[in-house]
Amino acid sequence: MRRPTAAGNWKMNGLRENFDDIFLIDAASKHVNCDVILCVPDTLIKEMSERTNNIFTGSQNCHINKSGAFTGDISAEMIKDAGATHVIVGHSERRVNYNENNHQIREKANIALENKLKAIVCIGETLTERKTGVTLDIVKRQLVDSLPLEISGETIIVAYEPVWAIGTGLTPSIEQIKEVHDFIRIELENNFGAKIGQSINILYGGSMNAKNVDEISAIKNVDGGLVGGASLKADSFIPIINALSLD
Ligand code: PEP
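Let me sum up the structure you'll find in this document. Model, not experiment: these values are computed from the prediction. (Residues numbered from 1 in each chain as written. Predicted model: local features only at pLDDT ≥ 70, side-chain atom pairs only at ≥ 80, totals over all residues. Heavy atoms only, no water.)

**Focus on the overall build of the protein**
If you tally the helices and strands in the protein, you get eleven helices and eight strands. Its C-alpha atoms give the protein a radius of gyration of 17 Å, within 12% of the compact-globule value 18 Å for 247 residues. Each of the 247 residues in the protein was classed as buried or not, and the buried ones make up 52%. Just so you have it, the protein exposes about 11,600 Å², and 51% of that area is on carbon and sulfur atoms. (Helix = DSSP H or I, 4+ residues; strand = E, 2+ residues; numbered from the N terminus. Rg over C-alpha atoms; globule rule 2.2 N^0.38 Å. Buried < 20%, exposed > 50% of the residue type's maximum accessible area, 1.4 Å probe, protein only. Areas by Shrake-Rupley, 256 points an atom, 1.4 Å probe, with all protein chains shown as cover.)

**Some words on the site of the ligand**
The full set close to the ligand counts 14 residues, and Lys11, Glu161, Gly167, Ser207 and Gly228 are the nearest of them. The separation between an oxygen atom of the ligand and a polar side-chain atom of Glu161 is 2.7 Å. Measuring from an oxygen atom of the ligand, one finds a backbone N or O atom of Gly229 at 2.8 Å. When isolated, the ligand has an accessible area of 290 Å², and the protein chains bury 95% of it. (Near = heavy atom within 4 Å. Polar contact = N/O pair within 3.5 Å; in protein donor to acceptor, adjacent residues only side chain to side chain.)

**So, the side chain of Ser59**
If you trace the backbone, Ser59 turns up in strand β3 (residues 56-59). Leaving out residues up to four positions away in the same chain, Ser59 has contacts with Cys39, Val40, Asp42, Ile45, Ile79, Ala84, His86, Val87 and Ile88. (Contact = heavy atoms within 4.5 Å.)

**Overview of unusual backbone geometry**
Phi is positive for Lys11, which is not a glycine, with a value near 50 degrees. Locating Lys11 in the fold gives a position in the loop between β1 (5-9) and α1 (19-28). Residue classification places Lys11 among the partly exposed residues on the basis of a relative accessible area of 22%. Of note in the backbone geometry, Lys116 takes a positive phi value of approximately 60 degrees without being a glycine. In this fold, Lys116 is placed in the loop between α5 (102-114) and β5 (118-123).

**Section: the packing of aromatic side chains**
Here the distance between the centres and the angle between the planes together describe a pair of aromatic rings. Under the defined criterion, the tally for this structure stands at two aromatic pairs. The interplanar angle of 45 degrees and the centroid separation of 5.5 Å between the aromatic rings of Phe19 and Phe23 together place this pair among those described as tilted. A residue pair is termed a helical-turn pair when its members lie 3 or 4 positions apart in one helix, as Phe19 and Phe23 do in helix α1 at four residues. The residue whose ring lies beneath Arg51 is Phe19, and the NZ or CZ to ring-centre distance is 6.0 Å. Looking at Arg94, its charged tip hangs above the ring of Tyr98, at a distance of 4.1 Å from the centre. (Phe/Tyr/Trp six-rings, centres within 6.5 Å; stacked < 30°, edge-to-face > 60°. Lys NZ or Arg CZ within 6 Å of the ring centre and 35° of its normal.)

**Some points on the sheet that holds strand β4 (residues 86-89)**
Within a sheet, adjacent strands bond to each other through the backbone by hydrogen bonds, running parallel or antiparallel. As summarised here, the arrangement of the eight strands in space is β1-β2-β3-β4-β5-β6-β7-β8, forming a closed barrel in which the pairing is parallel. Averaged over all neighbouring strand pairs, the angle between strand axes comes to 25 degrees, with direction disregarded. With four bridges joining them, β4 and β5 adopt parallel strand pairing. Looking at the pairing, His86 lines up with Lys118 of β5. The sheet strands contacting helix α11 (residues 234-244) are β1, β2 (35-39) and β8 (224-227), and the helix crosses β1 at an angle near 155 degrees. (Pairing = 2+ DSSP bridges. Axes fitted to C-alpha atoms, helices over the stretch in contact; angles between N-to-C directions.)

Honestly, that's just the spatial picture; any functional story needs more than this.
Quick look at the structure:
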């Protein structure tokens, strides 16, 4: 049985003074029955990994190369060395702002895995793609081209994040989320075998909050959430963690 995951993505937010929220989230995660991951800015990774006990420390991106002349970038090895256990790859903000494509995202996921980081691979359609009826084609292409060729539930989490739902307060209907999550599960099973396909957590992301988490997490094949805005404060993230925790 898959253990649910509550993952927070702090994006370019968070200073050392925000450790109060991290400690509250850590304390609240002690007795929950789900994995809690907080993907903080890289500047906070070392301290967070050293000063928390119940949550996983994640980064939000890594370079495709091990090291070298890439000013301003950070490698998977460095993230691991700082204390992270997870890294997000292929977030739509990186796909859009830095033109990251599926093949580069696969390389990032590969190097994350080589460095024993669990990769949270983000996929999802734009509003135009949804309106033109190509959502499942896009998701399939992203899955086929972004995921490493060998994966398991130990190494990979898939996050379905419709681009138009991120940071907008909009969410797809329950039927729309169900359709895509069921589709992703079938694709994972077809491409990697039933056992591996069943072992992989598929998170929903896009304006998840304390009000909609119950309804969304009740959908079959939704194994948790990747949460942006609502993960920034303990007050708004802890209810989501509690809702995702198994009874
Ligand atoms: C995200 O950035 O991954 C995200 C889901 O953001 P939000 O929850 O703010 O929509």
